[in-house]
Amino acid sequence: MRNYKIASIAGDGIGLEVMPAARRILDAVARKHGFVLTYTDLPWSSQYYFDHGRMMPAGAIDTLRGFDAIFLGAVGHPDLPDHITLNGLLLPIRRAFDQYANIRPAVLFEGVDSPLKGKAPGSIDMMVVRENTEGEYAQVGGFVHHAHPGEVAIQTSVFTRMGCERIIRFAFELARKRNGRRLVTSITKSNAQGFSMVLWDRCFATVREQYPEIETESLLVDAAAMNFVRRPESFDVVVASNLFGDILSDISAIVSGSIGLAASANLDPERRYPSMFEPVHGSAPDIAGRGIANPLAMILSGAMMLDHLGEAAAGAAVTHAVRQVLSAGQFLPGDLGGRAGTAEIAEAVASFLS
Ligand code: NAD
Ligand code: IPM
Ligand code: MN
């Protein structure tokens, strides 16, 4: 029997609630499709920090190395600074395993209302491809005159030709595979950032030459933010730097209904290391502990994980079941205008699995 080793990091807040809901679905679909997911629960989280003074143990990266994939809920706690929690867990994993392609689909599913008026089901169907290892998140810098009145903070972006070219190439390959509008939109701010973004533009110009059948568009990030709202249906694959991709993928999530539906994959496309699958949303402390979090982003991230593991039919079955629940409209979470709880929604998804 095919058996996949999954590192399960539920994390904090609603991560602890959406993780069991998603695992219930993945286990059910695995049984139907004749494979097994063997999870190892790793309690790395803010609670772990309160107990041990760090988010994950020394050697955590080596522990993770042996898994086929990492399934992560969310990280972040109101009593801890976010730079401690995220730089202690999520961000080092993305970097250590060179998960340079963070892909974030945004689809307006049938049965889901966009906050934008007059949007038909399926009209929004895009993929934000976010560079995930360098750029504005390179974490290069420091403090000078620490805690003195003249304190200076330096935070340097790092853009490499290798980093830009490989993510842009990934976006073009995806546009080819997706068979959508066959359009890649590149996002920069090269009118103001005359080095990093200019290098990105040059890389884009080079890579696009190799994909003459794919249409291209280049937008400045401010105009892109506007156009994600004004004409979201015009996008297919959107490729952006780490920070721009982060921000734009919250916009693509909300215009397609809710961040509670937004899935993501942090991929090492070369498969040298485990890839990581997690919802776009965070630990949502404002609703945590009440059993009302929408588990669909986590479940759809699980579908992306199955796809990556080579279980595409099972992944498609999960996505199909989610679509059925949404279009039936009987068990919808609060963020989609319903009243169903986390476990109830997972139950409904399970009932539609084939
Ligand atoms: P958030 O995504 O946690 O929440 C934003 C809003 O969306 C909140 O109102 C929340 O209730 C709602 N929401 C999010 N997910 C939902 C779901 N599944 N169902 C229903 N409603 C949902 O973002 P935030 O409030 O900016 O951040 C909270 C914490 O999470 C912070 O510590 C932040 O650093 C962290 N964070 C972590 C990740 C991650 O682990 N990948 C991602 C984003 C934010
Ligand atoms: C995301 C999150 C993270 C990011 C934070 C929590 C560091 O917002 O995955 O979108 O900015 O990458
Ligand atoms: Mn984000």
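Residues numbered from 1 in each chain as written. Chains lettered and ligands numbered in written order. Predicted model: local features only at pLDDT ≥ 70, side-chain atom pairs only at ≥ 80, totals over all residues. Heavy atoms only, no water.

Focus on the domain arrangement of the protein chain
We apply this condition: Either an automatic procedure or a domain database provided the assignment from which the domain bounds are taken. By definition, residues are in contact when any of their heavy atoms lie within 4.5 Å. Buried area counts how much accessible surface, traced with a 1.4 Å probe, disappears from two parts once they are put together, with both parts' losses summed. Put simply, a salt bridge is a Lys or Arg side-chain nitrogen that is within 4 Å of an Asp or Glu carboxyl oxygen. Here a polar contact is recorded for every N or O atom pair within 3.5 Å, except that within protein the pair must consist of a potential hydrogen donor and a potential acceptor, and residues adjacent in sequence are included only if both atoms are side-chain atoms. For helices the rule is a DSSP run of H or I covering at least 4 residues; for strands it is a run of E covering at least 2, with both sets numbered from the N terminus onward. Under this grouping Gly is polar, as are all residues other than the nonpolar Ala, Val, Leu, Ile, Met, Phe, Trp, Tyr, Cys and Pro and the charged Asp, Glu, Lys and Arg.
On domain assignment, one finds that the protein chain holds domain 1 (1-99 + 269-354) and domain 2 (125-255). The straight-line distance from the C-alpha centre of domain 1 to that of domain 2 is 25 Å. Of the residues lining the interface, eight residues belong to domain 1; the matching set on domain 2 comes to nine residues. Where domain 1 abuts domain 2, roughly 780 Å² becomes buried across the two surfaces, and 48% of that area is made up of carbon and sulfur atoms. Across the contact surface, domain 1 and domain 2 share one salt bridge. Here domain 1 is connected to domain 2 by three residue pairs in polar contact (both at pLDDT 80 or more). Residue contributions to the side of domain 1 that touches domain 2 peak at three residues, all from helix α5 (residues 90-96). Grouping the constituent residues of the side of domain 1 that touches domain 2 by class yields three nonpolar, two polar and three charged.

Digging into the side chain of Ser 45
Quick reminder of the rule: Working definition: with a 1.4 Å probe on protein chains only, accessible area under 20% of the residue-type maximum means buried, over 50% means exposed, and in between means partly exposed.
Counting through the fold element by element, Ser 45 comes out in the loop between β2 (35-41) and α2 (46-52). A residue is classified by how much of its surface remains accessible, and Ser 45, at 5% relative accessible area, is buried. In this structure the side chain of Ser 45 is engaged in a polar contact, spanning 3.3 Å, whose partner is the backbone nitrogen of Gln 47.

Re the site of ligand 1
What counts here: By convention in this text, a residue qualifies as near a molecule or strand provided that one of its non-hydrogen atoms is within 4 Å of it. Only the protein chains shown count as covering a residue, and every accessible area follows the Shrake-Rupley method with a 1.4 Å probe.
In the neighbourhood of ligand 1, 21 residues make up the surrounding shell, with Val 75, Asp 82, Gly 282, Ala 284 and Asp 286 lying closest. A distance of 3.1 Å separates an oxygen atom of ligand 1 from a polar backbone atom of Ser 283. A distance of 2.8 Å is found between an oxygen atom of ligand 1 and a side-chain nitrogen or oxygen belonging to Asp 286. Relative to its unbound accessible surface of 800 Å², ligand 1 loses 70% to contact with the protein. Of the residues assigned to the shell around ligand 1, the class counts are 11 nonpolar, six polar and four charged.

Remarks on the site of ligand 2
Close to ligand 2 lie Leu 86, Arg 94, Arg 104, Arg 130, Tyr 137 and Asp 246, which account for all nearby residues. At a separation of 2.7 Å, an oxygen atom of ligand 2 approaches a polar side-chain atom of Arg 94. Side-chain polar atom of Arg 130 to an oxygen atom of ligand 2: 2.7 Å apart, as the coordinates give it. Against a free-state accessible area of 320 Å², the protein chains account for coverage of 77% of ligand 2. Residues that form the shell around ligand 2 fall into these classes: two nonpolar, no polar and four charged.

Observations regarding the pairing of strand β3 (residues 69-74)
We apply this condition: At least two DSSP bridges between two strands are required for those strands to pair.
Most of β3 is tucked away: six of the six residues are buried. Two elements, strand β1 (residues 2-11) and β3, share five bridges in a ladder whose sense is parallel. By the bridge assignment for β3, Ala 7 is matched with Ile 70. The pairing of β3 with strand β12 (residues 275-279) spans three bridges and is parallel. Looking at β12, one finds that Ile 70 is bridged to Met 276.

Points about the pattern of salt bridges
Throughout the structure, instances matching the rule amount to 19 salt bridges. With a shortest N-O distance of 2.7 Å, Arg 94 and Glu 278 are connected by a salt bridge. In this pair, Arg 94 sits in helix α5 while Glu 278 sits in strand β12, placing the two residues 184 residues apart along the sequence. In this pair, the class of Arg 94 matches that of Glu 278, namely buried. Between Arg 178 and Asp 236 there is a salt bridge, and its shortest N-O distance comes to 2.9 Å. One end of the pair, Arg 178, is in helix α6 (residues 161-178); the other, Asp 236, is in the loop between α8 (221-230) and β10 (237-240), with 58 residues separating them in the sequence. Taking relative accessible area as the criterion, Asp 236 reaches 0% and is therefore assigned buried. Put simply, Asp 98, Arg 166, Asp 268, Glu 270 and Arg 272 are held in one network by salt bridges that share partners.

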